[in-house]
Every structure is written in structure tokens, then in C-alpha cells.
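Tertiary structure, described
Read off the chains here:
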Amino acid sequence: MTDLRRRASPRGFVVVMGPVFSLGSGPSPRRMRRPVPIVVFSLVGGPCQRPAISDDGPGAHLAAVLGTPLMVLLARTVYSDSAAEDPAVLLDARRFPTPQAIEEHLLAGFVPAVYRRRPTSAAGPRDRARPRRGWDPQRARHYLVHLAGHLDGPDRLERQDLAWWQLRDSVRLSSRVLAVVLACSLVTGVADWLVFPAKNLAAGHSAAFALGAGLLDALLFGPVVGLSFGLVYALLAVFRVRAFAPSRVRMRLPGRGRVRRADGPAARRCATLCSAGLLGGFVTGLGCGLGFTTGALLTGARGTPDPVVFEATIVNSLVYGLTFALAGGLVLGLVAALETPLDLGSAATPTDLLAVNRSIVVRQALFLAPMLTLVIAFGGRLITELLQGVAGPLSWLLADGLALGAVGGLAGSLSYALAFTAWGQWVLLARLWLPLTGRLPWATVDFLDDAYRLGVLRRVGAVYQFRHARLQHHLLEEAAA
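The model shown is predicted, which means the values in this text are computed figures rather than measured ones. (Residues numbered from 1 in each chain as written. Predicted model: local features only at pLDDT ≥ 70, side-chain atom pairs only at ≥ 80, totals over all residues. Heavy atoms only, no water.)

All chains considered together, the criterion is met by 6 salt bridges. The salt bridge partner of Glu103 is Arg470, with a shortest N-O separation of 3.1 Å. In this pair, Glu103 sits in helix 3 (residues 99-114) while Arg470 sits in helix 13 (residues 469-480), placing the two residues 367 residues apart along the sequence. Here Asp169 and Arg168 are joined by a salt bridge, their closest N and O atoms 3.5 Å apart. In the salt-bridge network here, residues are joined through shared partners; they are Asp449, Arg453 and Arg459. (Salt bridge = Lys/Arg side-chain N within 4 Å of Asp/Glu carboxyl O. Helix = DSSP H or I, 4+ residues; strand = E, 2+ residues; numbered from the N terminus.)

Spelled out as C-alpha cells, the structure:
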């Protein structure tokens with residue numbers, strides 16, 4: 001009735017293919033549409049004359065396990081490709097007293113089996129099953145355990161979607177804030193050291209003075225900006241403001257395309273960015289006022305602290321705070337207002353979405369840098385004119401304003417990209433922080449793609465998922481342990 005065909009495979013597996021009939025109420029059995037593969041072990045030499053596993057006896061547990069396609073796949077993967085593995089051990093009732101023990105054994109052996117040393121290959125339609133890199137099986141298992149634990153975070157309830165922009169959530173908030181503070185401090189210090197030494201040299205100062213003063217400015221103002229961005233970042237995270245998803249927008253010049261009224265999400269994003277710019281800018285300005293006074297005291301430009309120095313510090317902090325708040329709130333609000341929805345349906349893979357978001361962030365940074373420079377330079381002049389006489393005689397030289405604006409534009413745009421965009425968080429945390437702490441490899445993109453090629457993960461649009469929920473649960477138990 002079944003017209004069975006047998007096909008031998010390595011290490012004792014026999015795949016029996018044939019049509020399967022179901023008994024119904026009619027006069028004859030009904031044939032199902034497609035043949036169902038049935039896999040059995042031949043644990044003895046020679047051709048398989050009969051299944052070596054029955055529903056009773058020593059192989060009863062194994063027969064029950066191999067009743068599911070997943071376990072058949074795991075058994076084939078673990079034992080078919082390695083001469084060192086003997087499937088006969090699965091019949092050991094002492095080692096595997098229950099079907100669950102066999103299942104856990106197969107799940108534990110799956111990842112090392114697929115990551116055994118094999119030839120690597122460049123991407124191509126004929127080489128989809130070959131990884132791009134050679135991965136140590138134990139390290140690969142360690143990385144996959146981390147990914148499974150990430151999917152079972154406190155607020156995620158064992159979700160399935162493994163999205164690259166959400167890998168930052170696998171880092172504790174305190175560590176994320178620290179990473180943002182360090183990164184923003186670094187880019188601000190570098191920007192400061194590039195701009196102000198050139199300004200001092202142009203003013204006729206010696207190279208030693210210009211470099212020394214530039215280094216002091218970098219050490220003073222870098223942490224100020226870093227702490228300000230860290231504060232705003234922490235507040236957004238605490239109040240669960242979702243500002244870190246991949247940008248679904250593109251920059252649109254005014255007057256191009258049809259003008260649409262801002263919808264709810266767009267208005268909320270505009271208000272969020274504007275508020276963040278106002279708060280971050282004002283805090284940065286307060287820190288800069290303190291920094292200028294500290295620098296003046298250290299270089300001997302001012303004497304010992306006295307009431308005049310304290311008064312000058314308060315006035316400087318107020319002017320810089322209002323200037324940077326104006327620049328941050330106005331420019332970030334303008335960025336949000338110039339955004340228009342972008343259809344990301346064409347991003348069929350995670351790497352496509354990553355490339356799209358990277359290009360958007362680069363364009364935003366190129367827009368932010370000159371805008372911040374101009375608003376700081378001329379906004380500071382406006383603030384000093386408004387406060388003239390109220391806060392005492394004030395002076396805002398255009399050359400000094402442009403230098404300060406250049407530092408603010410370069411440091412502000414880069415810090416914004418790293419702290420408040422999905423791609424920047426991916427670079428800072430998934431490409432730097434997690435590899436530095438050993439939880440993910442440096443080549444994170446290649447690792448995820450190779451896991452997909454090897455059948456550990458699958459792609460569902462722009463996200464990855466573990467191909468088997470049982471495997472995810474098994475790795476999750478290891479993460480918990």
C-alpha cells in the first residue's frame with residue numbers, strides 16, 4: 001500500500017519516504033498530498049532490514065523522542081556529520097532515563113555540531129549554508145546564550161524577535177549611561193582639541209601654549225558635555241521614551257512634496273527632541289560656565305576665587321546655558337519638523353535596515369553640525385544683547401562664538417548620533433561595549449548572518465528569530481544558570 005523507498009545516510013540513519021494513508025469513513029483509504037519522511041536508526045552494520053527502535057524495549061524513549069520533526073533534525077545534525085559521535089549512546093537507559101533527557105542531550109549538542117570546523121565561503125547563492133567565518137563552538141554557544149537571555153529580559157516576556165536595534169537592552173541601564181558619557185566626552189574632547197589650538201595659534205600664541213590650553217579645555221569640557229548627554233539619556237530611558245528605534249524618516253527640504261499635518265507620533269517626537277535639546281543644552285551651558293572659570297584659575301588668567309570671580313561664573317553659566325538651550329531645542333526641533341515618513345518595506349533583511357538607518361543618521365549629523373555652529377555663534381550674540389545691562393557689561397566676540405559653535409556643532413552632532421539614534425546605539429553598545437565585555441563577537445553582523453546560514457537563526461523581515469523555540473528555551477535555561 002505504501003510503496004516505501006529507503007535511502008541510506010551516514011552514521012546509521014535511514015530515511016524512509018513514502019505516501020501515507022489515513023483511514024476514513026469511506027470504502028477506501030485516502031492518500032495524503034505529500035510523502036512524509038520517517039527517520040529511524042540502524043544501530044547494527046549492514047542495511048536496515050527493520051527499525052532498530054520499537055515502541056517498547058530499550059529504545060522506547062528514543063522512539064518517543066524521534067516522533068517530532070525537530071528532534072529528528074537535531075539527531076541528524078548531531079550524529080550524521082561526525083565520525084566521533086555514536087548514536088548508539090541514545091539507547092543507554094542509565095544515561096538517558098527519560099525522553100526529556102534525550103531531548104536535552106540533543107539540544108545541547110546542536111550548536112557545537114553546526115559550528116564544527118568547516119570551510120568558510122564568501123556570500124553567494126550556492127554557499128548559503130557555509131559560514132563567512134570560522135567560529136569556535138564554545139564561544140558561539142556563549143554568544144547565543146547571551147542572545148537568548150536578552151530575549152527574556154524583564155520587560156520582554158520571552159519574545160522571539162531578535163532585532164539589532166534592541167541589542168542595547170541587553171546592557172544594564174547604568175552601563176549604557178556610562179558608555180554614553182564616555183563616548184560623548186571623548187568626541188567633545190577631540191573636537192575641542194582640534195578647534196581651540198588652531199584658534200590660539202591664529203591669535204599669535206605659541207604652539208606649546210595652544211596645545212596645552214587645548215588639552216586643558218578638552219579635559220574640562222569633554223566630561224561636561226558627556227555628563228549632560230548621559231543625564232538626558234538616563235531620563236529618556238527612565239520615562240520609557242522610545243527614541244531609539246530605527247529611524248523611519250528621511251530629511252525633506254521645505255517646499256518639496258506635499259505638506260502634511262503632523263500626526264500624533266510625529267508631534268510627540270518633535271516635542272521630545274525639542275525638550276531634550278533644551279534640557280541638555282542648558283545643563284551643558286551651566287557646566288561650561290564652571291569650566292571656563294576653572295580653566296582661568298588653573299592657567300593664572302584669574303587670581304584666587306573672590307566675589308568677582310563667583311559673579312562672573314554665574315553670569316557665564318547663565319549666558320552659556322541659555323545659548324546652548326536655544327541651540328539644542330531649536331535645532332533638534334527643526335530636525336524633527338523636517339522629517340517625513342519613509343517606507344522601510346524595501347528593507348527585507350536586518351542588514352538592509354541597518355544600512356538604511358546608517359545613511360539617515362549620517363545625513364542628520366551633516367545637517368546638525370553646521371546648524372548648531374551657526375545658532376551657537378549668533379544665538380550667543382543675541383543672548384548677550386538681551387542681558388546687556390541686566391547681568392552687567394557683556395561681550396560676545398564673533399570669532400570666539402564661531403570657535404565655540406564649531407566645537408558645539410561637531411561634538412553635538414556626533415554625540416546626538418551616538419546617544420539618541422538606533423544606529424549610534426548599535427555602534428556604541430553592540431559593536432563596542434558588548435564585544436569589550438565578551439558577550440558578543442566583534443564581527444556581530446557576520447555572526448548573526450552565519451547563525452542564519454547554519455540554521456540556528458531564521459530571518460523574518462528585518463529581524464532574526466531562533467529557528468526553534470525549544471532551542472531558545474534551552475539556551476535561556478543556560479543563561480539563567
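One finds Leu106, Tyr115, Leu144, Leu147, Phe447, Val456 and Phe466 to be the most contacted residues of the largest nonpolar core, which totals 103 residues. Tallying contributions element by element places helix 5 (residues 173-202) first for this core, with 10 residues. In contact with Leu106, other than residues within four places in its own chain, are Val65, Met71, Leu74, Ala75, Val78, Tyr79 and Leu90. (Core = buried A, V, L, I, M, F, W, Y, C linked by side-chain atoms within 4.5 Å. Buried < 20%, exposed > 50% of the residue type's maximum accessible area, 1.4 Å probe, protein only. Contact = heavy atoms within 4.5 Å.)

A separate point is the confidence of the model for the chain. Mean pLDDT for the chain: 77, with 73% of residues reaching 70 or above. No element of the chain has a lower mean pLDDT than strand 3 (residues 21-22), which averages 36, and none a higher one than helix 11 (residues 422-436), which averages 95. Below a pLDDT of 50 lies the segment residues 1-54, which in the model reaches 92 contacts outside its immediate sequence neighbourhood of four places, other chains included. In this model residues 257-262 is a low-confidence stretch, pLDDT under 50, and it forms 3 contacts with partners more than four residues away in sequence or in other chains. (pLDDT = per-residue confidence, 0-100.)

Note on helix geometry: an α-helix contains 3.6 residues per turn, so any two residues three or four positions apart are oriented the same way. Across its 12 residues, helix 2 (residues 69-80) extends 16 Å between first and last C-alpha, which sits within 8% of the 16 Å expected from 1.5 Å per residue. Of all the 12 residues making up helix 2, 9 are buried; the element is thus mostly covered by neighbouring parts of the structure. (Expected span 1.5 Å × (residues − 1).)

What follows covers the pairing of strand 8 (residues 457-460). Two elements, strand 8 and strand 9 (residues 463-466), share 4 bridges in a ladder whose sense is antiparallel. By the bridge assignment, Val460 is partnered in strand 9 with Val463. (Pairing = 2+ DSSP bridges.)

As a further point, take a nonpolar patch on the surface. On the surface, Leu186, Val190, Trp193, Leu194, Leu211, Leu215, Leu219, Leu410 and Leu414 cluster together into a nonpolar patch covering about 840 Å² of accessible area. If you list the elements that add at least two residues to the nonpolar patch, you get helix 5, helix 6 (207-238) and helix 10 (398-420). Looking at the nonpolar patch element by element, the count peaks at 4 residues for helix 5. Structurally, Leu410 can be placed in helix 10. (Patch = residues over 30% accessible without salt bridge, like charges linked within 9 Å, V, L, I, M, F, W, Y side chains within 5 Å. Areas by Shrake-Rupley, 256 points an atom, 1.4 Å probe, with all protein chains shown as cover.)

Each pair of packed helices gets described by two things: the angle between the helix axes and the distance between those axes. Running from N to C, helix 9 (residues 350-387) and helix 11 point in directions that differ by 105°, and their axes come no closer than 8 Å. Overall, the two elements helix 9 and helix 11 adopt an arrangement that is roughly perpendicular. In this structure, helix 9 uses Leu354, Asn357, Arg358 and Val361 to contact helix 11, whose residues at the interface are Ala422, Trp423 and Trp426. Its residues placed into classes, the contact of helix 9 with helix 11 shows 5 nonpolar, 1 polar and 1 charged. (Axes fitted to C-alpha atoms, helices over the stretch in contact; angles between N-to-C directions. Parallel < 35°, antiparallel > 145°, perpendicular 65-115°, else oblique. Nonpolar A, V, L, I, M, F, W, Y, C, P; charged D, E, K, R; others polar.)

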